[in-house]
Amino acid sequence: MEIVLTVNKKDHHVIVEPDEMLLDTLRRLGYKSVKKGCDTSNCGICSVSIDHKLVPSCSYLSVRAQGKDILTVEGLEEEARLIGESLTREGVEQCGYCSPSLVVAIHTMLEELKQPTEDEIKHYLAGNMCRCSGFEGHHRAIKHHMEVNLNGSQ
Amino acid sequence: MGVNKPIRKKDGLGLTMGKPAYTADISPENALVVKVLRSPYAYAKIKTIDTTAALNMPEIKCVLTYQNVPGNMLTRAGQGYPEPSPYDRKTLDRTLRYVGDAVAVVAGEHVKAVEKALEMIEVTYEVLEPVLDFETAKDHPVKVHDKDGTFEMFDIGHFPERNLAASYAMEIGDVEKALSESDVVYEGRFYTQAQSHAMTEPHISTAYLDYQERLNVITSTQTPFHVRRIISRTLNLPMENIRVFKPRIGGGYGGKQAIHGELYVSLVTLMTGLPATYNYTRREVFESTYSRHAMRIDVRLGASRDGTLKVIDTEILSNTGAYGEHALTVLMVAGSKTLPLYNKVEAVGFRGDVVYTNITPAGAYRGYGAVQGNFAIESAMDELADKLGMDPIVLRKKNMIKEMETSKVFEIMGEGKEGTAMTVESCKLDKCLDDVLERINWKDKYPRIEVDEHTIRSVGLAIAMQGSGIPEVDMGSASLKLNDFGVFNLTVGATDIGTGSDTILAQIAAEVLMVPTDKISVYSSDTDLTPFDVGAYASSTTYISGNSVRIAAEKMVEEIKRVGRRHFGVAEVTYDGEFIYAGTDRISLVELSTLITYSEDQEQLQTIGSYVGTKTPPPYMAGAAEIEIDKRTGHYKILNFYASVDCGTTINPNLALIQMEGGLLQGIGMASYEDVNYTARGRLINSSFLKYKVPTRMEVGKIDVKFIESYEPSGPFGAKSVGEIGIDTPPAVVANAIKNALGVRMNRLPILPEDIWRALKNT
């Protein structure tokens, strides 16, 4: 069946299977930042923003995404670069496989909670798995991003 | 210029911004989809297999079974050659030795057709009685491998007729005599589980034939050179017809040291001429790759009344599951990377059997025996202190290894063979211990504080060591090329799997060449294009590969000076990274490199360095945690975990820090959550992230790492390894903290609240 998906503000006319998951459609459309991690919506590595909510795309039917605003890291441009620079400043991206979804998650979190506390950050991002880093560096990087890139303080 | 700087990882920003970089991102779009039919039985033989219906589907291009693939024996292990692991499996076999073992491989045009074809393969099985309990596997009437052609490359104590993949024993001094002469003896038994790596990128391999009809394999591996060798030998394919390379890798931690899907995609491509890709499902990653070796460890410690440790005796039973990958070496590391911590003993005993069972195989995983051994020895040390009525810190300080000391264990136990005698030239373990005690405020918190009627806060501690590569086995090599306009290419065999090794190797080269790290482009791990390296394992990259880069760069400095002398026609020049000087004359590196490329005495400057360690200098650390525990339920939370680490010079302090923090959290997961259970018929229950609990960012209050100043003379700019040591201490630290809180010794991992509750009921 043919559907229209709006990804990063761009419309794609795409033929999908009725049971096709958004992860597979997005990768087929060339959005390679969206990674496959676990197949069971537990690891958060396939997360994208759908209508400003963080959603695991491995368990979201492509047909359901019609008419919604889908955002991947490719659509974040300068903001992705700033968040990415904060993460790489700590070296915390390590293997990098979970990073694009984490960048989208941080973006979505900061849309929703303007000045989250460390506890709120941990809760919001709890579903974003990372096996390399021990998470401490993520939190240092997010703090830096909020202080320097968003609030302009040094 | 380069070393000891927290610069960004060269690949970091591109990866965080989601650029296509991993195997799945760069595989040909038209690649056949490969999937594997897996055994539903723990032990079975294929009676009949009929693939006709599957092959009749127009979308299906190829079906592999044991009947149409080469029957050569192999080990997946991915170690130096000849491997110290038994050749005990085939690419596809008629005998299936665990739930998840490969029955058949199907390749087709799209996933749905391939999944349907898997269902259409008709198999009848002769179901056999499996061996599932590793404690009764040795000499069990059921043999996992008897008379199936399995063999060892050299003596590793491999006795398949006894279900032994490998076995080993050594004794220094007279253990029984030392025990009988000890005033206090502690005996304990400890169990560690088959932890899963849970790397975020599932294993994936893609093969295609290039325009020269050579087999190209893109794969998420830690060991491209081993993979090429194993493909060649197993599939009877000439080495010159194979290229293996790795793009960016989504984590490994040992899980991608062995060969996995590479053989299947290679066969499909060779048979069909078409590109093929095999992306493991998460269930396959858990069920059909491999885990850590589960172990039972019996420890006996003997000491005199004053706390002088006289003897350590260790007997291990290790479970390698259906296949013996890394069976011997993981066993030996459980001794060789723990026993030298207490080097002043009169006698040391170490014995172990590695048994086959009909479960998911075990293999390499960060820590690699050391974490298992550390849990047992460091738990036992606290118990011995208790029996002596002595402070466990005082006991450790009295007996632990110090700088410029040695241990006979270094000489006797290597990895799969004899070890290498070594004096420890850098060991700041004493400083690490003092530092961690001060930062956690041990004296005010030890052993426990009663917070309220139900809640206790307590502290626990352990020390650890690791190694830096496998001496006289592992080789790393590197090549440096000077281009026009003064920029360098560094090509290394070392395999960056996310650790940042491409970056730190460039930093080492930059330090020697005295140029900014940005002037050095790095390309790593491609069997066609880079020099050899064993790969990313055994804590070897910084030390072994780093030394090879240092050597290549030192040679390059000499080459630059040689060309400078020729240019000026003088006998002596100096070089400072920017200019070459002859008296008052000077020429910039940019200008000289451009001259020799285009116009004057033209030649290409290129150097190569290779390095094999003559020793394996251990990094050391002390770890301590504060936990809060509910007496009623056994529920506990790790409030903070402090680590003080001696890894020599940190080439890149940021990347070293993340290696430590990440290693500690994997160790905390092993200590606390990561449970592995099988059904009565041998099926792995914990085969998804729903059932297998890795730590999230909610689990730990704070991880706090500090590097203690240290310099290893044999390392590149004083560096030792840092990749593995972080995982070693958490199991013993958590167990010791629980003992300090409640008085119960938890001797089985993971330490679950319900087990604490049961232990309390039984006291």
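Residues numbered from 1 in each chain as written. Chains lettered and ligands numbered in written order. Predicted model: local features only at pLDDT ≥ 70, side-chain atom pairs only at ≥ 80, totals over all residues.

1. Quick word on the interface of chain B and chain A
With 42 residues of chain B at the interface, the matching set in chain A holds 43 residues. For the side of chain B that touches chain A, the secondary-structure elements that each account for two or more residues are α1 (12–16), α2 (23–26) and α18 (653–672) of chain B. No other element matches the seven residues that α18 of chain B contributes to the side of chain B that touches chain A. Residues that form the side of chain B that touches chain A fall into these classes: 19 nonpolar, 14 polar and nine charged. (Contact = placed C-beta atoms within 7 Å. Helix = DSSP H or I, 4+ residues; strand = E, 2+ residues; numbered from the N terminus. Nonpolar A, V, L, I, M, F, W, Y, C, P; charged D, E, K, R; others polar.)

2. Description of the domain arrangement of chain B
All names here are of chain B. Partitioning chain B into structural domains gives domain 1 (12–128 + 203–279), domain 2 (294–470 + 615–761) and domain 3 (475–612). Distance between the C-alpha centres of domain 1 and domain 2: 36 Å. The partner domain 2 presents 22 residues to the 20 residues of domain 1 that form the contact. Broken down by class, the residue content of the side of domain 1 that touches domain 2 amounts to nine nonpolar, six polar and five charged. (Domains from an automatic or database assignment.)

3. Side note on unusual backbone geometry
Apart from glycine, the bulk of residues carry a negative phi angle, and the bulk of peptide bonds sit in the trans form. The amide bond that connects Tyr81 of chain B to the next residue, Pro82 of chain B, takes the cis arrangement and shows omega of -5 degrees. Following the sequence through the fold, Pro82 of chain B ends up in the loop between β3 (60–64) and β4 (95–96). Positive phi, normally seen in glycine, also occurs at Ser41 of chain A, with a value near 55 degrees. You can see Ser41 of chain A is positioned in the loop between α1 (22–28) and β3 (47–50). Even without glycine at this site, Asn236 of chain B takes up a positive phi of about 55 degrees. Along the chain, Asn236 of chain B falls in the loop between α6 (224–235) and β11 (242–245).

4. Looking at the domain arrangement of chain A
All names here are of chain A. Considered domain by domain, chain A is made up of domain 1 (2–74) and domain 2 (76–150). Tallying the contact residues gives 14 residues for domain 1 and 15 residues for domain 2. At three residues, β3 tops the list of elements feeding residues into the side of domain 1 that touches domain 2. Broken down by class, the residue content of the side of domain 1 that touches domain 2 amounts to seven nonpolar, six polar and one charged.

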